[in-house]
Amino acid sequence: MTERKGCPFCGEKEELVAVELVVGPVGGGEGDYGERKAVECQNCGALGPWGDTFTEAAEAWNKRLGAAEGRG
Ligand SMILES: [Zn+2]
């Protein structure tokens, strides 16, 4: 499992949870539902980018953190 960095907004590291969003039907097929994963900060409510897997979501979360630090 990809290590998650702290929240880019409040710095929280413990209150990060994985959330799922079921979307569908995708592709027009019956039962072809997709699940999107994301990391959410329970402390400030920040929601990371959606990914197809928790690993992808965690990586996107980390990239977002890097992008936030790289600004300015
Ligand atoms: Zn936060």
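## As for the environment of Glu12
- Tracing the chain through its elements places Glu12 in the segment before strand S1 (16-23).
- A C-alpha to C-alpha distance of 8.5 Å links Glu12 and Cys44, two positions 32 residues apart in sequence.
- Sequence-distant contacts of Glu12, that is, excluding residues within four places in its chain, are made with Gly6, Cys7, Cys41, Asn43 and Cys44.

## Quick notes on the environment of Ala58
- Within the secondary structure, Ala58 is located in helix H1 (residues 54-70).
- A residue is classified by how many C-beta atoms lie within 10 Å of it, and Ala58, with 22 of them, is buried.
- A sequence separation of 18 residues divides Ala58 from Glu40, and the C-alpha atoms of the two residues are 10.0 Å apart.

## Describing the nonpolar core
- Core analysis: the biggest nonpolar cluster contains five residues, these being Ala38, Val39, Ala57, Ala58 and Trp61.
- Per element, the largest residue contribution to this core is three residues, and it comes from H1.
- Once residues within four sequence positions are removed from consideration, Ala38 is found in contact with Val19, Leu47, Gly48, Pro49, Trp50, Gly51 and Ala57.

## Considering the confidence of the model for the chain
- Per-residue pLDDT for the chain has a mean of 81; in total, 74% of the residues score no lower than 70.
- Looking across the chain, the model is least confident in H1, with a mean pLDDT of 78, and most confident in strand S2 (residues 34-41), with 90.

## Observations regarding the environment of Glu40
- Checked against the element boundaries, Glu40 lands in strand S2.
- The spacing of Glu40 and Val19 is 21 residues in sequence and 6.6 Å in space, taken between C-alpha atoms.
- Sequence-distant contacts of Glu40, that is, excluding residues within four places in its chain, are made with Val17, Val19, Leu47 and Gly48.

## Overview of the pairing of S1
- Little of S1 is tucked away: zero of the eight residues are buried.
- Of the strand pairs in this sheet, S1 and S2 are connected by eight bridges, and their pairing is antiparallel. Residue pairing for S2: Glu20 is matched across the bridge by Lys37.

Conventions and cut-offs
- Residues numbered from 1 in each chain as written.
- Predicted model: local features only at pLDDT ≥ 70, side-chain atom pairs only at ≥ 80, totals over all residues.
- Helix = DSSP H or I, 4+ residues; strand = E, 2+ residues; numbered from the N terminus.
- Contact = placed C-beta atoms within 7 Å.
- Buried ≥ 20, exposed ≤ 12 C-beta atoms within 10 Å, placed from the backbone.
- Core = buried A, V, L, I, M, F, W, Y, C linked by C-beta atoms within 7 Å.
- pLDDT = per-residue confidence, 0-100.
- Pairing = 2+ DSSP bridges.

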